[in-house]
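The chain contents come next:
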Amino acid sequence: MKNLWIVEEQGFHKEGIADNGNRFLIGNGYMGIRGTLDEFTKEQLVAINLAGIYDKVGDGWREPLNAPNPIYTVLHVDGEKYGVLEKEAIEHTVTLNFREAVLCRKTVFQTQKGNVTFQATRFLNMENPHLIHAQYEVICDFDADVEFRTGIDIDVWDIYGPHFEKYECGQEQIFSVKASIQEEREQVWVLEKTQGAGNETVLKENDKLLRVFSYRAVKGETAVFTKQCAIYTSKDKELAAGNLTINIDDLFAKDMEAAYEKEKAEHIAWWEEKWNTSQVVIDGDDEAMCALNYSLYHLHSIAPRHSDSLSIAARGLSGQTYKGAVFWDTEMFILDFFLYTEPSVAKTLLKYRIDTLDGARQKAKDYGYQGAFYAWESQEGGFDACSDYNVTDVFTGRPMRTYFKDKQIHISAAIVSGIMRYVEHTKDYSVLEEGGIETIVECARFYYSLLIKKVNGAVYELHDVIGPDEYHERVNNNGYTNRMAKYSFEKAYELLSNVEKFSESTQKKLAEKFDVSALKEEFKDAAENIYIPAPNEEGVIEQFDGYLGLEDVSVEEVRKRLLHEKEYWGGAYGVASHTQIIKQADVVTWLTLFANEFSKEVLAKNWEYYEPRTEHGSSLSACMYAWLACINGYPEKAYPFFLKSAMADLKGGGKQWAGLVYIGGTHPAASGGAYMNAIHGFAGVSFEDGKIKVNPVLPPNWKSMKFTVSYQSKQYAIEINGKKSTVTEL
Ligand code: IFM
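Per chain, the residues get numbers from 1 upward, laid out in the order the sequence is written. Per-residue local features of the predicted model are confined to residues with pLDDT of at least 70, and side-chain atom pairs are confined, for both listing and counting, to 80 or more; whole-chain, interface and lining totals are unaffected and use all residues. Values reported for side chains reflect all heavy atoms of the structure, with hydrogen atoms and water molecules removed beforehand.

### A few points about the packing of helix α16 (residues 622-631) against helix α19 (residues 668-682)
Axes here refer to lines fitted to C-alpha atoms; in helices the fit is confined to the stretch in contact. Angles between the N-to-C directions go from 0 to 180 degrees. Secondary structure elements follow DSSP: runs of H or I no shorter than four residues count as helices, runs of E no shorter than two count as strands, and numbering proceeds from the N terminus. Where α16 contacts α19, the two axes come as close as 9 Å, and the packing angle between them is 5°. Considering their axes alone, α16 and α19 lie roughly parallel with respect to each other. Between α16, through C623, M624, A626, W627 and C630, and α19, the contact on the second element is made entirely by G673, A674, M676, N677, H680, G681 and F682. Polar here means any residue other than Ala, Val, Leu, Ile, Met, Phe, Trp, Tyr, Cys and Pro, which are nonpolar, and Asp, Glu, Lys and Arg, which are charged; Gly is therefore polar. Looking at side-chain class alone, the contact of α16 with α19 contains eight nonpolar, four polar and no charged residues. Should an angle lie under 35 degrees it is considered roughly parallel, over 145 roughly antiparallel, and from 65 to 115 roughly perpendicular; all remaining angles are considered oblique. We call two residues in contact whenever any of their non-hydrogen atoms come within 4.5 Å of each other.

### Section: the pattern of salt bridges
Definition used for salt bridges: Asp or Glu carboxyl oxygen within 4 Å of a side-chain nitrogen of Lys or Arg. Considering all chains together, one arrives at 57 salt bridges under this definition. Between E461 and K454 there is a salt bridge, with the nearest N and O atoms lying 3.1 Å from each other. The class of K454 is partly exposed, set by a relative accessible area of 46%. Across the pair K486 and E490 runs a salt bridge, and its minimum N-O distance is 3.9 Å. Of the two residues, K486 and E490 both sit in helix α10 (residues 479-497), four residues apart, roughly one turn of that helix. Any residue under 20% of the maximum accessible area for its type is buried, any over 50% is exposed, and the rest in between are partly exposed; the area is computed with a 1.4 Å probe on protein chains only. Its relative accessible area of 18% is what places K486 among the buried residues. Here the salt bridges share partners, and the residues they tie into one network are D358, R361, E438, E442, R445, K509 and K513.

### Some details on the site of the ligand
Neighbouring residues are identified by heavy atoms, a residue being near a molecule or strand if any of them is within 4 Å of it. Taken together, A314, Y322, F327, W328, D329, W376, E470, K583, Q584, S618 and L620 are the residues near the ligand. The definition of a polar contact used here is a pair of N or O atoms within 3.5 Å, where within protein one atom must be able to donate a hydrogen and the other to accept one, and adjacent residues in sequence count solely through side-chain atom pairs. In this structure, Q584 approaches the ligand through a side-chain N or O atom, which is 3.1 Å from an oxygen atom. Out of a free accessible area of 280 Å², the ligand has 96% covered by protein chains. Looking at the shell around the ligand residue by residue, the classes come out as six nonpolar, two polar and three charged. For accessible areas, the Shrake-Rupley method is used with a probe of radius 1.4 Å. Any residue's cover is judged against the shown protein chains and nothing else.

### What about the sheet that holds strand β16 (residues 199-205)?
Strands pair, by our definition, only if DSSP identifies at least two bridges between them. Across the sheet, five strands lie side by side as β7-β6-β12-β17-β16; this open sheet has antiparallel pairing. Across the chains shown, the open sheet's two edge strands, defined by having one partner strand only, are β7 (80-82) and β16. The sheet shows a mean angle of 30° between the axes of neighbouring strands, taken without regard to direction. Summarising the sheet, strand β6 (residues 69-77) and β7 pair through three bridges and their orientation is antiparallel. Its bridge partner lying in β7, L75 is registered against Y82.

### Structural notes on the packing of aromatic side chains
Here is the rule: rings of Phe, Tyr and Trp (six-membered ring for Trp) pair when centre to centre is within 6.5 Å. Planes less than 30 degrees apart are stacked, more than 60 are edge-to-face, and the remainder are tilted. Overall, the coordinates contain 49 aromatic pairs when judged by the stated rule. On the basis of an interplanar angle of 5° and a centroid distance of 6.2 Å, the ring pair of F118 and Y136 is categorised as stacked. Remark: Y136 occurs in strand β11 (residues 131-140) and F118 occurs in strand β10 (residues 115-124); sequence separation between them is 18 residues. We classify F118 as buried; its relative accessible area is 3%. Y136 sits in the buried class, given a relative accessible area of 1%. Pairing F687 with Y711 gives two aromatic rings, centres 4.8 Å apart and planes at 45°, and the pair type is tilted.

### A closer look at the nonpolar core
Residues grouped as a nonpolar core are buried Ala, Val, Leu, Ile, Met, Phe, Trp, Tyr and Cys residues, joined through side-chain atoms within 4.5 Å. By size, the foremost hydrophobic cluster in this structure holds 218 residues, and its most contacted members are I231, W328, F338, F489, F642, M705 and F707. Ranked by residues supplied to this core, first place goes to helix α9 (residues 430-450) with 10 residues. Those residues within four positions of M705 in sequence are excluded, and the remaining contacts are V280, V281, I282, A678, A683, L698, I718, E719 and I720. Grouped together as the second largest cluster of nonpolar side chains are 10 residues, L131, W189, L191 and A230 included.

### Some words on the side chain of H616
Residue position: H616 is located in the loop between α15 (600-610) and α16. For H616, a relative accessible area of 14% gives the class buried. A distance of 2.9 Å separates polar atoms of two side chains, one belonging to H616 and the other to E611. Separated by 2.8 Å, the side chains of H616 and S621 make a polar contact. Look past the residues within four positions of H616 in its chain and what remains in contact with it is I582, K583, E611, S621, A622, Y625, F641 and K644.

Honestly, that's just the spatial picture; any functional story needs more than this.
Structural data, given as structure tokens:
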């Protein structure tokens, strides 16, 4: 039987290097190690991507740091280098056991005298997120002179680097590289120790600090090398004023081989415990079960458990794409997974937003608005990394003015939604007391300051915005945005109306900052009178004012009009801008989130109208179509969209370019979207007034589904067989 927890690639395919870097990624929230091979360097996009630490070089985009690579390893046999780029491998397998989060590679090279087998295993410590563990085995089926070279490659891959200006190397028993950035005074320390067979010498080769273990291999005998590495940055308490405050010898065991086995066993046990509360078992569809849990593996791997205030970047920890920034993806697509399986992580994600409120206030102020306008691409402190020119024109090579940062105002409502969903789901009000209520009020104030009323108008409107469909910029009354603004007014009003339920200090803080009763009135009025587009006679809701008057043409026709394969579809002159072709679910996202406000006919009509007009150019799109199809009772229609989301990283090959800007990497929002599809969509789970409701619409081949959810501090097992379901408190 196929192991549903294994992802494997056989044979070496050069064209698959970038996708495999994502597919075989391992991570522990602190760092992500791309699934590249041991002998690879920056040309093959090797990256140890660090969470929450950024740098900007010159006019380049500010991006997260990649650490020097301490697991660089290559084999020399009888004086020749053996790596898949130089030598053809007669056997090559890369295997990720994602239940255990252990990555292995096995390569057999043919030499003139016989075969050499090289095996490598790596995993990231989940308890101590600074530590990397690896082990290697070398077997020759003939006697040979072998050099096992391993150490730190300081020539890191950057998109807008190089970030490090100074390296200080130490080559005692423990190798160390202290990489420093002048401008931002950040530092990254990488430590490495390897034990193994043979005579050990040190080699400094170009940008690599290597240990060379030289030995005479005896036919059929296995040589074992065990490595452990540690990474600290100036963001960590262990690295203060340029010095490590811990004794590094304590990090490395005397007998590394024995310690490795112990760490590995503990690591597997840690993951097993995570799966106990998060795996989704699907009987009848191995492909779906494997893809879904693989998506959850990725979410677990990027959860910032080492912090109590940090979020997840749109490309996780797979590199510097999208500037390592946090988007609405986190609150609207990723949050539910943590809410239902590990609420403490959900709180950490939201605390990041609360702690960056000042940045959002500053952004609103800079644009002449009140309240909190959250960063479209948020880095630390809420700094908006989104450029005014976020796309490069393929024809002229010039930067194109885009308005994501200025006009995607729906971002602030995503924060409101995230905080409120957390509170409603967990009944943990601490997040509101710790700044959540103020955040929500500030988001509502932001929308209030944007409202427009025409001289003779009866309603409030929101003009000059970008909705989730980024291809149509600067539109008026995007339905999704208006509804989310209304939601923000409603929630802020609800909280302010119950202000006496909060602690005295919270009440005092609110009273000091705001005129609470005036705000209540404003928010109530705004919620009641904001314009929400209604379905037309055919039942279709116009995405924004004038959308239905745009050229109605197929996605294929628009694709044919491209003059360059990497051409950007949106913006002022994009091929889609003047048509009804949209990038991603927009009205459909709104209808999915507020489905109970519409008739089944309207939901179905809009799905049918918008789907053929959606390019699905964003990995956030498919899951919304899947979810709405489930709400409508069409699991067969939902299924391919669900699978597309769940397979985003397993299959790879997604969009790699927006204009000339590289956007490759993993897709956490699609992973989270697939989870929402499974739980809310197919299983039909909803939470209301302390009760779990289950209204399943399983795809025909799914015999049963089993999973657990956390709800209001209790754990429940949910089991679905066809239309029947049971919910058991654990
Ligand atoms: O947040 C998304 C956006 O909706 C579409 N472009 C990519 C962003 C990051 O995933």
